[in-house]
Amino acid sequence: MTKDYHNFINGTFGKQASTALLEVLNPATNETIGHVPNSSRAEVDAAVAAAKEAQTGWERLPPIHRAGYLRKISKKVRDNKERLAELITREQGKVLGLAQVEVDFTADYIDYMAEWARRIEGEVITSDRPNETILLLRKAVGVIAGILPWNFPFFLIARKLAPALVAGNTIVIKPSEETPLNAFAFAELVAECDLPPGVFNLVGGSRETGAALAGHRDVNLVSFTGSVGTGVHIMRAAAENLTRVNLELGGKAPAIVLASADLNLAANAVYQSRILNSGQVCNCAERVYVERPVLQAFTDKVVALMKSTTYGDPLKDRSVSMGPLVSAAQLAKVASAVELARTQGAQLALGGKIADRGGGNHYEPTVLVDCNHDMEIMRTETFGPVLPIQAIDSLDEGIRYANDSEYGLTSSIFSNDLNAVMHACRELKFGETYVNREHFEAMQGFHAGRRKSGIGGADGKHGLYEYMETQVVYLQTK
Ligand code: NAD
């Protein structure tokens, strides 16, 4: 069953200016499941023009009215949960249970951001002049370009759209070429919510479409989630017009397991984090440092858990705990990362091969031991169900390896020693640190990377204010 979609620009699913199409595959089988437009620069121009035209009127609406539209959208998402979750699984490959969580979280996130409508605050400050008051007003930035990756494709629409819209911006979204269908299904729901035309626009396309958006002179903020390499391209393109950027990029999250940890808890958390979404999550443990006295026990527990993983096509067998990788290219990348680790001296404790599941991009749950800091597998994002383990002799050694990375998104520490935990929290140079747990940030927190993991952040009050700018008013009275 395949379905072809049209761009959503200025409130309608128009006929395409270009006929170029992108083919979308089911990663569990590599069968074609749909087509979306591969939008030209002209289509990007049309979408940005519609967003620009709509922006002033949208910003003039009281925020609570804008929030009303967001609540209509979240209700539509909830009402269509099962259909949307199945579509996400079909085109992205995550298990259905996780796709359902993604849909629920998306709806909750939109509602959460809508709640900010009555809480956006400016400031009143004193002046050095007589009879003057200084006001700091919070205003919308203008037109937002939201460029998305494929790993949580549905939620990431909301992470950009909801704060953008409640703050008074309008938006043009470009989903990943790997997973665009769920975004078009989302647009069909938005079309039923009577949103003023041009407030939300969606264009399909690949890197050229993204580049046209990032370098567009009428875009005021590029909000991008994806890889470090693409982040660099986007920042270059945005620099042409000095357009603001908000970049949520890759990670190589370290987990430090101390001898004082609850080993069952640590092994289970790290395991879950490695198979979640087939290991394709920016903030899940990608490298583990274990204190030598518990190295063998921890490794045995993790290997046993990884071994118990059932995997395959998540729509054919709904009981599997892991689906395929998102694409043949991602599968090849993971396979070659493991091969390189082996040539650099890592030993396979489990897995290490492409798995035959009758088609699709399946990889065996894999554990690598005897890893060291010089190996690529400890330094470069892998994004697969592969867990490399390295021995450490002290917490400080673990912290030193953890911080010596070009990434700085998330980190974790497992220990029941409060002094050790607090020391690690002070010393780890990461946007996020999880203590005695792995992954899943809270929508009221702040998700932001250091070093090459990004610029700016998302979620909570601070994430919302990334979509606003400050105007100062000097108010002279008699
Ligand atoms: P990617 O960088 O390959 O692509 C992301 C998007 O950028 C796609 O829509 C693509 O079409 C577009 N794009 C590609 N080249 C472009 C260019 N030159 N100009 C403009 N747009 C361009 O990333 P991906 O493979 O889809 O996603 C996986 C990556 O995303 C991983 O590195 C992961 O860590 C990261 N990620 C980060 C977070 C976070 O919150 N920090 C969350 C999810 C994913």
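Quick notes on the rules
Residues numbered from 1 in each chain as written. Predicted model: local features only at pLDDT ≥ 70, side-chain atom pairs only at ≥ 80, totals over all residues. Heavy atoms only, no water. Axes fitted to C-alpha atoms, helices over the stretch in contact; angles between N-to-C directions. Helix = DSSP H or I, 4+ residues; strand = E, 2+ residues; numbered from the N terminus. Parallel < 35°, antiparallel > 145°, perpendicular 65-115°, else oblique. Contact = heavy atoms within 4.5 Å. Buried < 20%, exposed > 50% of the residue type's maximum accessible area, 1.4 Å probe, protein only. Pairing = 2+ DSSP bridges. Domains from an automatic or database assignment. Buried area = accessible area lost by both parts, 1.4 Å probe. Salt bridge = Lys/Arg side-chain N within 4 Å of Asp/Glu carboxyl O. Polar contact = N/O pair within 3.5 Å; in protein donor to acceptor, adjacent residues only side chain to side chain. Nonpolar A, V, L, I, M, F, W, Y, C, P; charged D, E, K, R; others polar. Expected span 1.5 Å × (residues − 1). Arc of directions from axis to C-beta.

A. Main features of the packing of helix α3 (residues 81-92) against helix α6 (residues 181-190). Direction vectors running N to C along α3 and α6 enclose 160 degrees, while the axes themselves pass 9 Å from each other. Considered as vectors, α3 and α6 are oriented roughly antiparallel to each other. Along its contact with α3, which presents Arg83, Leu84, Leu87, Ile88 and Glu91, the element α6 presents Leu181, Asn182, Ala185 and Leu189.

B. Focus on the pairing of strand β17 (residues 386-392). Most of β17 is tucked away: seven of the seven residues are buried. Judged by which residues are buried, β17 turns out to be covered on both faces: Val386, Pro388, Gln390 and Ile392 on one side and Leu387, Ile389 and Ala391 on the other are all buried. Summarising the sheet, strand β16 (residues 366-369) and β17 pair through three bridges and their orientation is parallel. The residue bridging Val367 from the neighbouring strand is Leu387, located in β17.

C. Just the domain arrangement of the protein, in detail. When its domains are assigned, the protein resolves into domain 1 (3-249 + 453-476) and domain 2 (253-442). On a C-alpha basis, the centroid separation for the pair domain 1 and domain 2 is 31 Å. With 24 residues of domain 1 at the interface, the matching set in domain 2 holds 30 residues. For the domain 1 and domain 2 pair, buried surface summed over both sides reaches about 2100 Å², with 59% attributable to carbon and sulfur atoms. Counting the surface domain 1 buries against domain 2, the share from its top three residues, Ala28, Trp150 and Ser453, is 24%. Seen at the junction of domain 1 and domain 2, the total is two salt bridges. Our enumeration of links across domain 1 and domain 2 arrives at eight residue pairs in polar contact (both at pLDDT 80 or more). Put simply, the parts of the chain that give the side of domain 1 that touches domain 2 at least two residues each are α3 and α4 (96-114). The biggest single contributor to the side of domain 1 that touches domain 2 is α3, with four residues. Considering only residue class, the side of domain 1 that touches domain 2 consists of ten nonpolar, eight polar and six charged.

D. Structural context of helix α2 (residues 63-79). Counted at 1.5 Å a residue, the expected span for α2 with its 17 residues is 24 Å, and the 25 Å between its end C-alpha atoms agrees. Where α2 is concerned, the buried positions are Arg66, Ala67, Leu70, Ile73, Ser74 and Val77. Buried residues of α2 fall within an arc of 115 degrees about the axis and therefore sit on the same side. Set apart from the buried face of α2 by more than 90 degrees, the exposed residues are Lys75 and Asp79. Packed against the buried residues of α2 are α1 (41-60), α3, α4, α5 (153-166) and α6.

E. Layout of the environment of Glu406. For Glu406, the position within the fold is in the loop between α12 (395-403) and β18 (407-408). Taking the C-alpha atoms as reference points, Glu406 and Ser327, separated by 79 residues in sequence, lie 25 Å from one another. With residues up to four places along the chain from it excluded, the contact list for Glu406 reads Arg451, Lys452 and Ser453.

F. Representation of the sheet that holds strand β7 (residues 132-140). In spatial order, the strands read β6-β7-β25; together these three strands make up an open sheet with antiparallel pairing. Strand pairing shows two members of the sheet lacking a second neighbour, β6 (123-126) and β25 (468-476), which therefore form its edges. Shown here is a sheet whose adjacent strand axes are inclined to one another by a mean of 25 degrees, direction ignored. Pairing between β6 and β7: four bridges, direction antiparallel. Note that in β7 the partner of Thr126 across the bridge is Thr133.

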